[in-house]
Amino acid sequence: MGRVTRVKICGITRPEDARLAVELGAWALGFILWPGSARAADPEVVAAIAAEHRRRVELVGVFVDPTLDEVAVHVDALGLTAVQLHGGVGPSFCAAVARRTGARVIRAFRIGSNADIADAQRFREVDLHLYDSRVPGLQGGSGQAWDWSLVAGRRTKVPLVLSGGLTADTVAEGIAAVEPYAVDVASGTEAEPGVKDPEKVRAFLAAAGALATEAAP
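A. Fine view of the environment of arginine 107. Turning to its location among the elements, arginine 107 is positioned in strand 5 (residues 104–111). A sequence separation of 97 residues divides arginine 107 from cysteine 10, and the C-alpha atoms of the two residues are 15 Å apart. When sequence neighbours within four positions are dropped, the list of residues in contact with arginine 107 reads Leu85, His86, Gly87, Gly88, Val89, Cys94, Phe123, Val126, Leu128, His129 and Leu130. Of note is the side chain of arginine 107, whose polar atom sits 2.9 Å from the backbone oxygen of glycine 87.

B. View of the environment of valine 185. Summarising the element assignment, valine 185 is placed in strand 8 (residues 182–185). For the pair formed by valine 185 and valine 22, sequence separation is 163 residues and the distance between their alpha carbons is 14 Å. Ignoring anything within four residues of it in the chain, the contact list for valine 185 reads Val7, Lys8, Ile9, Cys10, Leu166, Lys196 and Phe204.

C. Inspection of the pattern of salt bridges at higher detail. Inspection of the entire model under this criterion finds eight salt bridges. Linking glutamate 16 and arginine 14 is a salt bridge whose minimum nitrogen-to-oxygen distance equals 3.2 Å. Note on arginine 14: relative accessible area 26%, which makes it partly exposed. A salt bridge links arginine 104 to glutamate 58; the shortest N-O distance between them is 3.0 Å. Taken together, the residues span a long stretch of sequence, with arginine 104 in strand 5 and glutamate 58 in strand 3 (residues 58–64) at a distance of 46 residues. Among the residues examined, arginine 104 registers a relative accessible area of 25% and is labelled partly exposed. Put simply, Arg14, Glu16 and Asp17 are held in one network by salt bridges that share partners.

D. View of unusual backbone geometry. The backbone of arginine 55 sits at a positive phi, close to 75 degrees, despite the residue not being glycine. Relative to the helices and strands, arginine 55 resides in the loop between helix 2 (43–53) and strand 3. The class of arginine 55 is exposed, set by a relative accessible area of 78%.

E. View of the sheet that holds strand 7 (residues 160–162). Strand order in the closed barrel made by the eight strands is 1-2-3-4-5-6-7-8, with parallel pairing throughout. Neighbour-to-neighbour, the strand axes of the sheet open up by a mean angle of 30 degrees, direction not taken into account.

Procedures and definitions
- Residues numbered from 1 in each chain as written.
- Predicted model: local features only at pLDDT ≥ 70, side-chain atom pairs only at ≥ 80, totals over all residues.
- Heavy atoms only, no water.
- Helix = DSSP H or I, 4+ residues; strand = E, 2+ residues; numbered from the N terminus.
- Contact = heavy atoms within 4.5 Å.
- Polar contact = N/O pair within 3.5 Å; in protein donor to acceptor, adjacent residues only side chain to side chain.
- Salt bridge = Lys/Arg side-chain N within 4 Å of Asp/Glu carboxyl O.
- Buried < 20%, exposed > 50% of the residue type's maximum accessible area, 1.4 Å probe, protein only.
- Pairing = 2+ DSSP bridges.
- Axes fitted to C-alpha atoms, helices over the stretch in contact; angles between N-to-C directions.

What follows is the structure, encoded as structure tokens:
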């Protein structure tokens, strides 16, 4: 397998963190638009970041059990190119989001058993699946890894984004075990929730084989 060159840096709340991630080679920036998260982003800040980096990276809005109107308003107002959906939304809702917004749809799943892998396969029409850790009381961002061997039970051609507790020390192992389309990281690149550590961002992209060749050492 060749190097994975797609990394989604999630939990972006500050323009300087977005700029660093893009300069170092990130494929996508994730903005949490759910007020229940410690990494919730200010929509006005997200709009400014999106305007600066449009056409250079995927701009992903992260939602938990939103209404269709909520998603559509945010995609339009903020300039999002993709929507990441958590919670209990079904396949028909995902299809409606795609039709109404034109954005790519990433359906996120909390993985803790083979049953979770099987359930994810109902979502055949979305653009990407994202597998995160199943941690009671959390929708994501737990900083905990899941049992990657469960991916052996996956029976779908929808490309997979690997998430859940990844760091610069573990991402290469995760890539080798899962062979994902992309990897996703939030807590593994942070100084504190919502604030990125530049050295951790650089180390993560380097370990994933995605560090921009022109990035200064």
